[in-house]
Amino acid sequence: MDRSAEFRKWKAQCLSKADLSRKGSVDEDVVEFVQLLNGREQFFTTSSCAGRIILLDQGINGSEVQKQNCCWLLVTHKPCVKDDVIVALKKANGDAILKFEPLVLHVQCRQLQDAQILHSVAIDSGFRNSGITVGKRGKTMLAVRSTHGLEVPLTHKGKLMVTEEYINFLIKIANQKMEENKKRIERFYNCLQHALEKETISMTSFPKEKIREKNNSSYTHKKKRNPEKACGKYITEENNKELEKDDHDDPGLSVTIFPEDY
């Protein structure tokens, strides 16, 4: 079986499986994004989370859903309020932690060149902790991740260690990060649409060898991001300034290849 046929088989198998996530469905804020990727022959998503605010208890005696020895006291993909957190904290009997987790998206790509395009757009859209992994069997996976998370302990052995005023302060920060995460998702979606349109035009205008050579060349060394060039009209002056504020956590364009046994 050739590589393209094998990729189509993997894609069909993955998309036909039931959603085994805790929620059981794709998050609302990334539905269109997932549909866009799965609608292209060179991509399919294997998992996704649009971003969430969660309150976890590391105690093991609670009745809530268990995951990796933790209890989920609260989980929301929308902004939350202090009262909900205070009520949830009353259930804690261990070390409760308030967390904000930004978008996480895993995409299997047909070949490395396809992953490079998606990776470049992800970096320029603010998801600067993204990376590519190539397994022994040739599976090329892209993980889209960001660095603007939040993790703060609130209780110890069930005892609240902070004031309600501080909890309210943390919730405001978490909600701000949620809003920024949503902006980055929208930016990523618009930029990806633009990049795929350009790629389609290139595929019909230039030989495949030229395109392959051009794509590979951008990953031979680190270079300064040019989000305006990568995303065209979808990067506004205001968004570009926001991106420049976070340049300290920009790893540059790179590809990491691990010999994982997929």
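Refer to the structure printed above.
Residues numbered from 1 in each chain as written. Predicted model: local features only at pLDDT ≥ 70, side-chain atom pairs only at ≥ 80, totals over all residues. Heavy atoms only, no water.

Trainee: Would you mind going over the sheet that holds strand β1 (residues 43-49) with me for this structure?
Mentor: Picture the strands of a sheet paired through backbone hydrogen bonds; they go either parallel or antiparallel. Pairing in this open sheet of four strands is antiparallel, and the strands run β1-β6-β8-β7 from one edge to the other. A strand with exactly one partner marks an edge of an open sheet, and here the two such strands are β1 and β7 (131-134). When strand polarity is set aside, the average angle formed by the axes of neighbouring strands in this sheet is 20°. Helix α1 (residues 3-16) contacts β1 and β6 (104-109) of the sheet and is inclined by roughly 35° relative to β1. (Pairing = 2+ DSSP bridges. Helix = DSSP H or I, 4+ residues; strand = E, 2+ residues; numbered from the N terminus. Axes fitted to C-alpha atoms, helices over the stretch in contact; angles between N-to-C directions. Contact = heavy atoms within 4.5 Å.)

Trainee: Which parts of the structure should I look at to understand helix α4 (residues 112-124)?
Mentor: Since the α-helix turns once every 3.6 residues, residues separated by three or four places project in the same direction. Here α4 is 13 residues long and its end C-alpha atoms lie 18 Å apart, about the 18 Å a rise of 1.5 Å per residue gives. Just downstream of α4 lies glycine 126, where phi reads positive at about 110°. (Expected span 1.5 Å × (residues − 1).)

Trainee: Can you walk me through the pattern of salt bridges in this structure?
Mentor: When their charged atoms lie close together, side chains carrying opposite charge are able to pair. Going through the model one piece at a time under the given rule, you end up with eight salt bridges. Here aspartate 114 makes a salt bridge to arginine 110, at a shortest N to O gap of 3.6 Å. Classification of arginine 110 by relative accessible area gives partly exposed; the value is 23%. Bridged by salt links that share partners, the residues Glu41, Arg110 and Asp114 form one connected network. (Salt bridge = Lys/Arg side-chain N within 4 Å of Asp/Glu carboxyl O. Buried < 20%, exposed > 50% of the residue type's maximum accessible area, 1.4 Å probe, protein only.)

Trainee: Please explain the packing of aromatic side chains as it appears in this structure.
Mentor: Centre-to-centre distance and the angle between the planes together describe a pair of aromatic rings. In the structure shown here, the tally under the stated rule is five aromatic pairs. Ring plane angle 70° and centroid distance 4.6 Å describe the contact between phenylalanine 33 and phenylalanine 188, whose orientation is recorded as edge-to-face. Here phenylalanine 33 is found in helix α2 (residues 31-38), whereas its partner phenylalanine 188 is found in helix α5 (residues 164-205), with 155 residues between them in sequence. Judged on exposure class, the residue phenylalanine 33 and its partner phenylalanine 188 are both buried. When the centroid spacing of 5.6 Å and the interplanar angle of 40° are considered together, the rings of phenylalanine 127 and phenylalanine 188 count as tilted. With a gap of 61 residues between them, phenylalanine 127 in the loop between α4 and β7 and phenylalanine 188 in helix α5 connect regions that are remote in the sequence. For phenylalanine 127, a relative accessible area of 0% translates into the label buried. On the basis of relative accessibility, which here comes to 0%, the residue phenylalanine 188 falls in the buried class. Ring pairs connect the aromatic residues Phe33, Phe127, Phe188 and Tyr189, which therefore count as one cluster. Lying across the ring of tryptophan 10, lysine 139 places its NZ or CZ 4.7 Å from the centre. (Phe/Tyr/Trp six-rings, centres within 6.5 Å; stacked < 30°, edge-to-face > 60°. Lys NZ or Arg CZ within 6 Å of the ring centre and 35° of its normal.)

Interpretation in functional terms is not warranted from these geometric data alone.
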